[in-house]
Amino acid sequence: MGKTYKAVEVSAPGSLRIVERTIPEPGPGQVRIRVEACGICHTDAATVMGAYPGLTLPRVPGHEVVGRLEALGAGVSKWKIGQRVGVGLIAGEDGVCESCRRGDIVNCKSPVVSGVTMDGGYAEVMVAEARGISSVPDELTSAEAAPLLCAGITTYNALRNAGLRGGDLVAVQGVGGLGHLGIQFARHMGFRTVAIGRGRDKEKLAKDLGAHVYIDTTAEDANAALQRMGGARAILATGTSGDAMGTLVSGLAARGKFIVVGVPQDELRLNAFPLVFGGRSIYGSLTGTPIDGEDTLAFSVLENIRPMIETVPLEQAADAYARMMQGKARFRMVLVMGQYGLFGRSAEVEAAWLPHQGQP
Ligand SMILES: NC(=O)c1ccc[n+]([C@@H]2O[C@H](COP(=O)([O-])OP(=O)(O)OC[C@H]3O[C@@H](n4cnc5c(N)ncnc54)[C@H](OP(=O)(O)O)[C@@H]3O)[C@@H](O)[C@H]2O)c1
Ligand SMILES: [Zn+2]
Ligand SMILES: [Zn+2]
């Protein structure tokens, strides 16, 4: 094994470039991962544009990371060399702030954030905190598992923690990286699932992913359409436009919940009337913990949920990032290092799985 590895770093706002770095040794409580795949999330824009609070450049983005452990730092006992693991956005808590002391580690006041406070997964090698990693089941290839560790966990957690009941009308706004997984989770959790997107071109894809109904906001009034169906018990808002997001609160049923997971740069446009008259509520939800990540992967295996991905080599990270930003990804760009990211399933699972899926 060489002494260096390739990484794609943000050296100045807006510029992604390939660099060669010396392989680091993991410190106490850390692990070193030979990265096999890393998804490109819209949140990476905050690193690429240098806008994430507390960020210093140069920085390697990437927080949908899957790879194999190749070195363990002092004091790491739970994990084994060779084991396949994943890293999401919030990948380590300080353990001492009030949120942590109350057991709410995802809302830690000074968390370790992959691709922001430490280098992330647009690289052949990544060092992570052992407490911040999740184990990855054999049934998923690394490229399939990667997007589940941010786009997946975020939508899965938001839906499962919303106090919904089977059969409830649940709408997912935005059919992108997060949205296309949110639709699948909503359907497989037993909700009457509505996808809300712009234009007709995503209608078939949204229905193939499990949406019972597709609303095209360029052709119809989404709130009126939702109200005709009785109003949504929850709307999972994954879009990147605050203007388009806030107005949808009127599509909720009385006591319905508007769950904000998308982080638009502009402000949300909100009207107090539907909040007050009908007791509707709006709140945000931030990704999840490493064990929530394992739950997301397990549920995806259980229900045969997979992200729809386009894989590209690490060297093409800048192009793949641009494709995501232009809304052209269907639905997640995933960087794969060599051919490794396309594997992962054990031999037995591979044999049982391939005849069903008809694809590698
Ligand atoms: N809460 C969390 O923990 C968390 C985790 C990950 C990401 N995020 C955030 O979630 C958002 C989505 O991330 P992603 O990776 O899914 O991004 P993405 O794949 O680029 O998808 C962007 C989505 O935004 C929608 N959109 C873009 N412009 C719009 C407009 N003018 N009006 C309405 N909708 C518009 C698109 O909807 P159409 O279907 O209509 O094209 C698409 O579904 C980002 O803001 C990201 O930072 C939050
Ligand atoms: Zn993300
Ligand atoms: Zn904390």
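Going along each chain's sequence as written, the residues are numbered from 1 onward. Think of it this way: whatever chain is written first is A, whatever ligand is written first is 1, and the rest follow in order. Local features in this predicted model are restricted to residues whose pLDDT is 70 or higher, and side-chain atom pairs enter the listing and the counts only when it is 80 or higher, whereas totals over whole chains, interfaces and linings include all residues. As a convention, hydrogens and water are excluded, and side-chain values are obtained from all of the structure's heavy atoms.

Our focus in this paragraph is the coordination of the zinc ion (ligand 3). For the zinc ion (ligand 3), the protein coordination sphere consists of Asp94 (OD), Cys97 (SG), Cys100 (SG) and Cys108 (SG), at 2.0 to 2.3 Å. Note that water is not among the atoms considered, so a metal site may appear incomplete; the donors listed are N, O and S atoms within 2.8 Å of the metal, with 3.2 Å applied to Na, K and Ca. For a four-donor site, all angles between 85 and 135 degrees give tetrahedral; for four or six donors, opposite pairs above 155 degrees with the remaining angles between 65 and 115 give square planar or octahedral; all remaining cases count as irregular. Of note is the zinc ion (ligand 3), whose four donor atoms meet at the metal with angles of 96 to 121 degrees in an arrangement that counts as tetrahedral. Within one chain, the residues serving as donors to the zinc ion (ligand 3) are arranged as D-x2-C-x2-C-x7-C. Taken as a pair, Asp94 in the loop between strand E5 (84-87) and helix H2 (98-101) and Cys108 in the loop between H2 and strand E6 (125-129) lie far apart in primary sequence, 14 residues in all. Burial classes: relative accessible area under 20% of the type maximum marks a residue as buried, over 50% as exposed, and values in between as partly exposed (1.4 Å probe, protein chains only). The exposure class of Asp94 is partly exposed, given its relative accessible area of 27%. Numbered from the N terminus, helices here are DSSP runs of H or I no shorter than four residues, and strands are runs of E no shorter than two.

Here, a salt bridge means any Lys or Arg side-chain nitrogen found within 4 Å of an Asp or Glu carboxyl oxygen. Using the criterion set out here, one finds 23 salt bridges in the structure. If you follow the salt bridges from partner to partner, you end up with Glu9, Arg17, Arg21, Arg59 and Asp119 in one network.

Let us look at the site of ligand 1. Inspection of the region around ligand 1 gives 27 residues, with His42, Thr43, Val175, Thr287 and Arg332 positioned closest. Polar contacts here mean pairs of N or O atoms no more than 3.5 Å apart (in protein, one a potential hydrogen donor and the other a potential acceptor; neighbouring residues in sequence count only if both atoms are side-chain atoms). Between Thr43 and ligand 1, the recorded distance is 2.7 Å, taken from a side-chain N or O atom to an oxygen atom. Within the backbone of Val175, a nitrogen or oxygen atom sits 2.8 Å from an oxygen atom of ligand 1. Each accessible area is a Shrake-Rupley result for a 1.4 Å probe, and residues are judged covered by the shown protein chains and nothing else. Within the complex, 87% of the 930 Å² of free accessible area of ligand 1 lies under protein. Looking at side-chain class alone, the shell around ligand 1 contains nine nonpolar, 15 polar and three charged residues. Consider each residue's heavy atoms; a residue with any of them within 4 Å of a molecule or strand counts as near. Under this grouping Gly is polar, as are all residues other than the nonpolar Ala, Val, Leu, Ile, Met, Phe, Trp, Tyr, Cys and Pro and the charged Asp, Glu, Lys and Arg.

Once that is clear, we can look at the sheet that holds strand E12 (residues 252-260). A pair of strands is treated as paired once DSSP finds two or more bridges between them. The sheet built from six strands is open, its strands ordered E10-E9-E8-E11-E12-E13 with parallel pairing. Only two strands of the sheet have a single partner each, and these edge strands are strand E10 (213-216) and strand E13 (281-284). With strand direction ignored, the average angle separating the axes of adjacent strands in the sheet is 20 degrees. Direction of pairing for E12 relative to E13: parallel, over a ladder of four bridges. Directly across from Ile259, in E13, lies its bridge partner Tyr283. Only the contacting stretch of a helix is used when fitting its axis, a line to C-alpha atoms as for every element, and angles between N-to-C directions run 0 to 180 degrees.

A few words on helix H10 (residues 317-325). Of the positions making up H10, those classed as buried are Ala317, Ala320, Tyr321 and Met324. Viewed end-on, H10 has its buried residues packed into an arc of 100 degrees, placing them on one side of the element. Where H10 is buried, its residues touch strand E1 (4-12), strand E2 (15-22), helix H1 (44-48), strand E14 (309-313) and strand E15 (332-336). Here, the arc refers to the directions that run from the helix axis to the C-beta atoms. Only heavy atoms enter the contact rule, under which two residues are in contact if any of them lie within 4.5 Å.

Below, the discussion takes up the coordination of the zinc ion (ligand 2). Every protein donor of the zinc ion (ligand 2) is accounted for by Cys41 (SG), His63 (NE2) and Cys150 (SG), and the metal-donor separations fall at 2.0 to 2.2 Å. All donors of the zinc ion (ligand 2) come from a single chain, and their spacing in sequence reads C-x21-H-x86-C. Here Cys41 is found in the loop between strand E3 (30-39) and H1, whereas its partner His63 is found in the loop between H1 and strand E4 (65-72), with 22 residues between them in sequence. His63 shares its class with Cys41; the two are buried.

This part is about the side chain of Arg280. In this fold, Arg280 is placed in the loop between helix H8 (272-276) and E13. One polar contact links the side chain of Arg280 to the main-chain carbonyl oxygen of Leu252, over a distance of 2.9 Å. Leaving out residues up to four positions away in the same chain, Arg280 has contacts with Val249, Leu252, Ala253, Ala254, Arg255, Gly256, Pro274 and Leu275.

So, about the packing of helix H3 (residues 142-160) against helix H9 (residues 290-302). It is at 8 Å that the axes of H3 and H9 come closest, and there the two elements cross at 95 degrees. Our classification of the angle between H3 and H9 gives roughly perpendicular. Of H9, the residues touching H3 (which contributes Ala145, Leu148, Leu149, Gly152, Ile153, Tyr156, Asn157 and Arg160) are Asp292, Gly293, Asp295, Thr296, Leu297, Phe299 and Ser300. Looking at side-chain class alone, the contact of H3 with H9 contains seven nonpolar, five polar and three charged residues. An angle counts as roughly parallel when it lies under 35 degrees, as roughly antiparallel when it exceeds 145, as roughly perpendicular when it falls between 65 and 115, and as oblique in every other case.

Of the pairings in the sheet, the one linking strand E11 (residues 232-237) to E12 comprises five bridges and is parallel in character. Residue pairing across strands places Leu236 opposite Ile259, the latter belonging to E12.

Next up on the list: the side chain of Thr238. When you line up the elements, Thr238 lands in the loop between E11 and helix H7 (242-246). Looking at Thr238, the relative accessible area reads 12%, which means it is buried. Here the side chain of Thr238 touches Gly174 through a polar contact of 3.3 Å, landing on its backbone oxygen. In this view, Thr238 contacts Val172, Gln173, Gly174, Leu178, Gly179, Val261 and Gly262; residues no more than four positions away in its chain are not counted.

Attention now moves to the confidence of the model for the chain. One confidence number per residue, pLDDT, is output by the predictor and ranges from 0 to 100. Per-residue pLDDT for the chain has a mean of 94; in total, 95% of the residues score no lower than 70. Mean pLDDT values over the elements of the chain span from 49, in helix H11 (residues 347-357), up to 99, in strand E8 (residues 169-173). Note that residues 353-360 has pLDDT below 50 and, in this model, 10 contacts with residues that lie over four places away or in other chains.

Burial analysis of strand E9 (residues 192-197) places five of its six residues in the buried class, the great majority of the element. In this structure, E8 lies alongside E9, joined through five bridges in parallel fashion. The residue bridging Leu169 from the neighbouring strand is Arg192, located in E9. Handedness is read with the strands pointing away from the viewer; a crossover is right-handed when the path from the first strand over the helix to the second is clockwise. For the crossover from E8 across helix H4 (residues 177-188) to E9, the handedness is right-handed. Examined bridge by bridge, E9 and E10 share four bridges and lie parallel to one another. Looking at E10, one finds that Val194 is bridged to Val213. Read as a crossover between parallel neighbours, the route from E9 over helix H5 (residues 203-208) to E10 is right-handed.

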